[in-house]
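# Structural features, examined
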Amino acid sequence: MNDLTLQFKTAAEDDSFIQLFLRHSVRGVDAARKHDDSSRQDLIEKIVVRPVDLKSGRSFQFTYCEVRREKHRNFLLNEAVIEIERLISSQFRRGHLFTTEFDFTVKVKASGKVRTHQFPPSKQKPDSAEHNRQKHYLIADGTPCDFLEEIGVMAADGNVRKQKFDKFRQINRYVEFVEDVYESFPKTGPIRVVDFGCGKSYLTFALHHLLNRIHGRKVDIVGLDLKTEVVEHCNEIARKLNCNGLRFESGDMAGYSPLASVDLSVSLHACDTATDVALARGVEWDAKVIFAVPCCHHEVASKLKTDFLSPIMRRGILKERFAEMLTDSLRAELLEGCGYRTQVQEFISLEHTPKNILIRAIRDRASKSVVVPDSVKTVRESFGLEPCEFESLLTRQN
Ligand SMILES: C[S@@+](CC[C@H](N)C(=O)[O-])C[C@H]1O[C@@H](n2cnc3c(N)ncnc32)[C@H](O)[C@@H]1O
């Protein structure tokens, strides 16, 4: 085992490992750049290794930075060691290891002579509390990520732009929520996703990045939106970034039919009852997981009839908030009645957007027909409500 691999292995085992850079022997990469040689665009310039905590446990994410894009692969420690050995014995002759104890560099000369140096540590461990900005994000700050660069969140060197840090955090929060339910997806074959009302789609691209680039899974992700121009723009970006298995279609979610089964049905910030349509479609297709971050709620607020809550009903903002809570709790209860284990969680903190409730439902048991839970009936009776849009759609589907 060469010195660098040995140092990496020791640091990974005692949890002092922070990051490793491996660089290609410069000449080949420079030539490809200079001549913009498309046949050499897949030449790997640099590889960045960092620890990543996946559901399956501690892994090491290798980001292979090509001239125009990057690819990701995750390895367990013993696999990572083999991969580093392989890379160093091929063209990746310059390595820089960062640990909490020291930095370590290695350079293998053309003659085969190896030069190593050890320096005092220059990087802090990302997880340390006082360095929250460098938190251990699934999509890391400091590692190039093509779609984040495309949407202006990251600079080309992989560093998150200061003024875009909130968006970076929101994107990571979203992929963490998906990562949490990763085990619910099929173990083989493509993971199929429909993202309703995808809009500019930065969260759809984030989903693709997690499933395809980080987990290395085949995907079939469709982003659906009413706006044709936005859809065309997203398709252009998907092509440019070689996002295999990601496409965008224009159309109304109410009339959309997927070509195959759906593993994940998503609707993020879809207006008013569009969320109900998306939820009902997810149930209809028996999606394994359903995500919804509702947007504005008007339906229930306009129908609420109750005297005993007049202190709330007389105050517009309180009535609105109360109706939102009621609507989302009815949605969650109805999903339970359809055989889904349902959680309602905070999506991102209130300082970024008031639309911060995530309804996450995981298929728990097969349910041939929709059972409207008694809790829903009781709430409706108490507040003088007719069945809400989601309930009506479900019972019509039944
Ligand atoms: C507020 S944007 C949210 C975009 C994205 N999901 C996000 O969270 O960043 C809502 C999007 O839903 C789309 N939309 C609304 N109703 C729709 C429907 N019935 N079918 C398809 N898309 C719809 C709108 O065109 C808009 O782009």
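Now for a look at the structure at hand. (Residues numbered from 1 in each chain as written. Predicted model: local features only at pLDDT ≥ 70, side-chain atom pairs only at ≥ 80, totals over all residues. Heavy atoms only, no water.)

Turning our attention to the site of the ligand. Taken together, Gly197, Cys198, Gly199, Asp225, Leu226, Lys227, Gly251, Asp252, Met253, Leu268 and His269 form the complete shell of residues around the ligand. A distance of 3.4 Å separates a nitrogen atom of the ligand from a polar atom in the backbone of Leu226. Between the ligand and Asp252 there is a distance of 3.0 Å, counted from a nitrogen atom to a side-chain nitrogen or oxygen. Cavity membership is defined here by more than half of the atoms lying within 2 Å of grid points; on that basis the ligand lies in the largest pocket. (Near = heavy atom within 4 Å. Polar contact = N/O pair within 3.5 Å; in protein donor to acceptor, adjacent residues only side chain to side chain. 1 Å grid on protein atoms, 1.4 Å probe; cavity = no way out; pocket = protein on both sides within 12 Å on 5 of 7 lines; lining within 4 Å. Sits in = over half its atoms within 2 Å of the grid points.)

A word on the layout of surface pockets. In this structure, the largest pocket spans a volume of roughly 670 Å³. If you go around the largest pocket, you meet 27 residues; those closest to its centre are Gly197, Cys198, Gly199, Leu268 and His269. Listed by contribution, the elements that provide at least two residues to the lining of the largest pocket are helix H5 (165-180), helix H6 (202-214) and strand S9 (219-225). Here the lining of the largest pocket is composed, by residue class, of 11 nonpolar, nine polar and seven charged. (Points joined across faces, edges and corners; volume = space filled by probe spheres on them. Helix = DSSP H or I, 4+ residues; strand = E, 2+ residues; numbered from the N terminus. Nonpolar A, V, L, I, M, F, W, Y, C, P; charged D, E, K, R; others polar.)

What follows deals with the sheet that holds strand S5 (residues 94-99). Spatial strand order, S4-S3-S2-S1-S5-S6-S7: seven strands in an open sheet with antiparallel pairing. Because the sheet does not close on itself, it has two edges, and the strands there are strand S4 (70-75) and strand S7 (114-119). For this sheet, the mean inter-axis angle between neighbouring strands, taken without regard to orientation, is 15°. Pairing of strand S3 (residues 57-66) with S4 involves six bridges; the strand directions are antiparallel. The residue of S4 that forms the bridge with Phe60 is Phe75. Sitting on the sheet, helix H3 (residues 77-89) touches strand S1 (17-23), strand S2 (44-54), S3, S4 and strand S6 (103-108), and the angle it makes with S3 is about 25°. (Pairing = 2+ DSSP bridges. Axes fitted to C-alpha atoms, helices over the stretch in contact; angles between N-to-C directions. Contact = heavy atoms within 4.5 Å.)

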